[in-house]
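Chain by chain, the residues:
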Amino acid sequence: MTQTHDGAVRPAQGAAAAAPVDEPAQPYRIRRPSDAIRFAASVVGLAAVMLLVSIAQQTTHGLQTDIAQGTAHAPRPLLTLATLVSSFGVLAVPIAFAIERLFHKDGMRVAIALLAAMIAFGVTVGLDDLVVRAAPGGVLDSLIWGGTETAPVHTDIAPVIAFVSAVGMAGRARWQAATWTMIGLAALTGLTASYASVAALAATYLLGRAIGHGTLYAVGTPNPRPSGAAVVAALERLGLRPQRGARLDDAHADETRRYGVALASCPQDGYGARLPAGRGAHGDWDVEVRVLDRDQQTAGLLYRVWRLLRLRGATTGRTLRSLRRSLELESLMAYAVDAAGARTPRLVGTCEVGTEAALLAYEHVPGRRLGDVPDGEVTDELLADVWRQFRSLQAGRLAHRRLEGEAVLVGDDGLAYLTDLRSGETAAGDLALRLDLAQLLTTLALRTGPERAVRTAAPVLGEEALGGAVPLLQRVALSRETRTALRRHKDLLTRIREQIVRLKPETEAPPAKLERFRPRTIVSIVALSVAAYIVIPQVTSLDIGRLAATASWHWVAAALGAAGLTYVAAAFMLMGFVPERLPLGRTVLVQLAASFVKLVAPAAVGGVAVNTRYLQRSGVRPALAVASVGASQLVGMVTHILLLVLFGFLTGSTAKATQDLAPSRTIVLAVLGLGLLAGLALTVPRVRRVVASRLRAMFSGVVPRLVDVLQSPKKLSTGMGGTLLLTLAFTLCLDASVRAFGGSLPWTTVVLVFLTANAVGSAAPTPGGLGAVEGALTLALTISGLTAETATSAVLLYRLLTLWLPVLPGWGAFAFLQRKEAL
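Model, not experiment: these values are computed from the prediction.

Cut-offs and rules
Residues numbered from 1 in each chain as written. Predicted model: local features only at pLDDT ≥ 70, side-chain atom pairs only at ≥ 80, totals over all residues. Heavy atoms only, no water. Axes fitted to C-alpha atoms, helices over the stretch in contact; angles between N-to-C directions. Helix = DSSP H or I, 4+ residues; strand = E, 2+ residues; numbered from the N terminus. Parallel < 35°, antiparallel > 145°, perpendicular 65-115°, else oblique. Left-handed = near helix turned anticlockwise from the far one by under 90°. Contact = heavy atoms within 4.5 Å. Pairing = 2+ DSSP bridges. Salt bridge = Lys/Arg side-chain N within 4 Å of Asp/Glu carboxyl O. Buried < 20%, exposed > 50% of the residue type's maximum accessible area, 1.4 Å probe, protein only. Nonpolar A, V, L, I, M, F, W, Y, C, P; charged D, E, K, R; others polar. Phe/Tyr/Trp six-rings, centres within 6.5 Å; stacked < 30°, edge-to-face > 60°. Lys NZ or Arg CZ within 6 Å of the ring centre and 35° of its normal. Patch = residues over 30% accessible without salt bridge, like charges linked within 9 Å, V, L, I, M, F, W, Y side chains within 5 Å. Areas by Shrake-Rupley, 256 points an atom, 1.4 Å probe, with all protein chains shown as cover. Lys, Arg positive; Asp, Glu negative; His and termini not counted. Charge placed at Lys NZ, Arg CZ, Asp CG, Glu CD. Core = buried A, V, L, I, M, F, W, Y, C linked by side-chain atoms within 4.5 Å. Polar contact = N/O pair within 3.5 Å; in protein donor to acceptor, adjacent residues only side chain to side chain.

A. Fine view of the packing of helix α14 (residues 450-461) against helix α17 (residues 492-503). The contact between α14 and α17 brings their axes to 9 Å, and the two run at 40°. The angle between α14 and α17 places the two elements in the oblique class. As for how α14 packs across α17, the hand of that crossing is right-handed. Across the interface between the two elements, Pro450, Glu451, Val454 and Ala458 of α14 pack against Leu492, Arg495, Ile496, Gln499, Ile500 and Leu503 of α17.

Here it is as structure tokens:
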């Protein structure tokens, strides 16, 4: 056997003919996930450097000054020698490596690396000659340290870094050391001569890496994966004599390849047992080979990192493994599972296949995956056997981590085997074992229903063990494939819990806290950061003392009164859509408490949750409480849209100064375009189902509740009056805020501005619409004719009275209502 430059093992000249392998042709070029990850990491690093030099200019300048002063004392001949060596070596070493690769017939890799170097050269020249001259100052001055007379990125280094990144020097330590030494010397001479800065060199390095790995991913690399023939031939190193092989179709394999291999003799496996051989029929194999390819070890890395950051402690498995580590861990898991008494295909042996892959050879067990077994053959005896194998895993403190349908093999002998051990964990903790139980319960419930899954598990595991899975029956604790399947069975986890609680009522427990944070937390943080970016410059540009001295305080008092009136209006709005009688005073306090909740929830969510809870505490059944709040929200939304259209036309026809807000041809075309896009989106069945389910969940039971309200004119007038009064009170508050700073706008314009900003705030994911409302109000008031200073001052006063000032009394009302058990 000989090994080629790409790591594949091929038969040597004169050796016996290799066993034939039936497999589809492998692609000549592949895109490695690792190249995409390195490209993304380099881009993120480059962005971080740019951000750092923009917010820490003095620090970067000071660092450069310290370096210049420190190197001034270095011996001048030594610096001159370093400059001469680096000037020659920074190009000579990569060229020598390219020539060496060409002698080894690896010209394609060299060509790709040269393409990356050319792209890097073009980008750096463009940045140096075009960008700096067109936009001097700011970040660029900080990056280049010393003004625009020098370059922010270095044309002599970036192409070399791109070449080195793309050509691939992994495993060639001497070439790597020589190349990076020359690049380091070139960077050092740039620092000592003060024509390069640390920030510029960091940007150059990251830019070169990004271009190199980006080119590799875009163009693809020569496929380094050993062929099936090389894999089967490598079995001879384990003492096996392969006769033929074939690639096994496995649509679910994302990190491994599988081959079935028939043997020509009866060798012994690692346990001393003789393996069957030569069964004859094509596809009737003696061993099954799993191949671990090095380039696939980073597949799904970003998802695993996200899970590692999001979930706590032992909830997640290992994030990143080398090829050697993956081989060792799966081997250890296979031996441990067998030693624990669980039924699994026996591991015959392992070995590397060149430098780019490794294999694990298992005794072949003919059978079907659990997901492929017909319903009639999934008997209670089979399910009980699955649970017995799982019990052996638990007794041996082994966590499987991937107990999905593909991990359970139903052999032709009718017995269950546990396979797919690559993510397993030995000496697992209690949490990992209970997570395995929750995963297997969900997998079997998806296949046979919650009742059978729990009923067959109880005699094997015991009610106490099943009770331990109740707090972990959460979507976030399950595998990605299982979470996808649960989208079609939204109540499955609840039904599993109910089945377990029926067996052991005292096991009912709240869900365990597995997440460090939720995705919406990140959305809120990003949105709040954007809001701060918008609001803080507005506040810092204002002279608060002068504004307070020049404000008309009687208009401020009027705005405060209008802000207070909004809580009464919101109370009437809720009371009108609840047939049951509600006390006015307490309902007003509930609306005040909702203003406190706005700071921790989006504007369209906080009030709904508080009002629903209040109605339930007032004796309204949960379904009717949700329907009542939904009815008030639906009527409010329809009223809002009608008023927006009405005042949009009134504003355009009566206020010449605000014609920019009137319905113009552009607006009409934009509305029609959005309507067309929405219509096209609704033609997609999946989008239509999602929209329909969301609307059903939001307004379920609303129509019957509206019918109840329509039968009572008093209730209808109260609800509609509260809806209109709420809009009127907010508009009065905004108008008074504008007049407090000497501004004045037509009444119809103020109404239109409020309605527009309120719609934006309701759609924004930030608490209370923070940032979105301020930006929309300021922009609309400025377009309407106010100066930027007056518009900003009015918006800040309006938000102070409607969002920030009610926080403290809202917290007091919230605490009071909780003590009175009204919330």
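B. Up close: the environment of Ala772. For Ala772, the location among the structural elements is in helix α29 (residues 772-783). Taking the C-alpha atoms as reference, Ala772 lies 9.9 Å from Ala759; in sequence the two are 13 residues apart.

C. The sheet that holds strand β13 (residues 416-418), seen in detail. With antiparallel pairing, three strands are arranged side by side in an open sheet as β11-β12-β13. Whereas interior strands pair on both sides, the edge strands pair on one side only; in this sheet they are β11 (367-369) and β13. With strand direction ignored, the average angle separating the axes of adjacent strands in the sheet is 30°. The sheet contact formed by β11 and strand β12 (residues 408-411) spans three bridges and is antiparallel. Within β12, the residue paired with Gly367 across the bridge is Gly411. On the sheet, helix α12 (residues 380-395) packs against β12 and β13 and is oriented at approximately 35° with respect to β13.

D. Inspection of the pattern of salt bridges at higher detail. Across all of its chains, the model carries 21 salt bridges by this definition. Among the ionic pairs, Arg401 bridges to Glu425, the shortest N-O distance being 2.9 Å. Highlighted residues: Arg401 in the loop between α12 and β12 and Glu425 in the loop between β13 and α13 (430-448), separated in sequence by 24 residues. Of the two residues, Arg401 and Glu425, both sit in the buried class. Across the salt bridge formed by Arg402 and Asp420, the nearest N and O atoms sit 3.6 Å from each other. Of this pair, Arg402 sits in the loop between α12 and β12 while Asp420 sits in the loop between β13 and α13; the two residues are 18 residues apart in sequence, bridging distant segments of the chain. Like Arg402, the residue Asp420 is buried in the burial classification. Put simply, Asp380, Glu451, Arg452 and Arg455 are held in one network by salt bridges that share partners.

E. Structural view of the sheet that holds strand β10 (residues 357-363). With respect to topology, six strands assemble into an open sheet ordered β3-β6-β7-β8-β10-β9, the strand pairing being mixed. Unpaired on one side and paired on the other, β3 (21-22) and β9 (347-353) mark the two borders of the sheet. As judged from the six bridges shared by β9 and β10, these two strands associate in the antiparallel manner. The residue bridging Thr350 from the neighbouring strand is Leu360, located in β10. This element, helix α11 (residues 323-339), spans β8 (287-293), β9 and β10 of the sheet and lies at about 15° to β10.

F. Broad picture of the side chain of Thr727. Considering the arrangement of structural elements, one finds Thr727 in helix α27 (residues 713-740). A relative accessible area of 16% places Thr727 in the buried class. Not counting residues up to four positions away in its chain, the partners in contact with Thr727 are Leu643, Phe754 and Leu755.

G. Looking closely at the packing of helix α20 (residues 553-576) against helix α30 (residues 788-804). The contact between α20 and α30 brings their axes to 9 Å, and the two run at 40°. Taken together, the axes of α20 and α30 lie oblique to each other. Of the two possible hands of crossing, α20 and α30 adopt the one that is right-handed. For the pair formed by α20 and α30, the contact residues are Val556, Ala559, Leu560, Ala563 and Tyr567 on the first element and Leu797, Leu801 and Thr802 on the second. Among the residues forming the contact of α20 with α30, the class breakdown is seven nonpolar, one polar and no charged.

H. Main features of the packing of aromatic side chains. Counting across every chain of the model gives four aromatic pairs. Ring centres 5.4 Å apart and planes at 15° place the aromatic pair Phe730 and Phe754 in the stacked group. Remark: Phe754 occurs in helix α28 (residues 747-763) and Phe730 occurs in helix α27; sequence separation between them is 24 residues. Accessibility assignment for this pair places Phe730 and Phe754 in one class, buried. Over the ring of Tyr259 we find Arg247; its NZ or CZ atom is 5.8 Å from the centre of that ring. Positioned over the ring face of Tyr417 is Arg343, at 5.8 Å from the centre of the ring.

I. Expanded view of a positive patch on the surface. Residues Arg475, Arg487, Lys490, Arg686 and Arg689 make up a contiguous surface patch of positive charge. With respect to the helices and strands, the residue Arg475 is situated in the loop between α15 (463-467) and α16 (480-486).

J. A look at the nonpolar core. Counting 56 residues, the largest nonpolar core has Trp387 and Leu466 as its most contacted members. Those elements that place two or more of their residues in this core are α11, β10, α12, β12, β13, α13, α14 and α17. Discounting residues that sit within four places of it in the chain, Leu466 has contacts with Leu437, Leu441, Val454, Ala457, Ala458, Leu461, Ile500 and Leu503. Core analysis: the second largest hydrophobic core is formed by 34 residues, Ala559, Val738, Val753 and Leu801 among them.

K. Molecular detail of a nonpolar patch on the surface. On the surface, Met637, Val638, Ile641, Leu642 and Val645 cluster together into a nonpolar patch covering about 450 Å² of accessible area. Relative to the helices and strands, Leu642 resides in helix α23 (residues 622-654). For Leu642, a relative accessible area of 57% translates into the label exposed.

L. Spatial organisation of the pairing of strand β6 (residues 242-247). Here two bridges tie β3 to β6, and the two strands are oriented parallel to one another. If you follow Val21 over to β6, its bridge partner there is Gly245. Pairing of β6 with strand β7 (residues 256-263) involves five bridges; the strand directions are antiparallel. Bridge pairing in β7 links Pro242 to Leu263.

M. Just the side chain of Glu330, in detail. Here Glu330 lies in helix α11. Polar contacts involving the side chain of Glu330 include one to the side chain of Arg290, which spans 2.9 Å. Those residues within four positions of Glu330 in sequence are excluded, and the remaining contacts are Arg290, Leu292, Leu360, Tyr362, Leu421 and Arg422.

N. The arrangement of helix α6 (residues 158-167) in detail. Counting buried positions along α6 gives 10 out of 10 residues, so the element sits mostly inside the fold. Gly168 occupies a position one or two residues after α6 and carries a positive phi of about 80°.

O. The pairing of β12, seen in detail. Alternating positions in β12 separate into two faces, Val408 and Val410 on one and Leu409 and Gly411 on the other, with burial throughout. For β12 and β13, the ladder comprises three bridges, and the chain directions are antiparallel. What sits directly across from Val408, in β13, is Leu418. Remark: four residues form the turn of the hairpin made by β12 and β13, two consecutive strands paired antiparallel; Gly414 in that turn has positive phi of roughly 85°.

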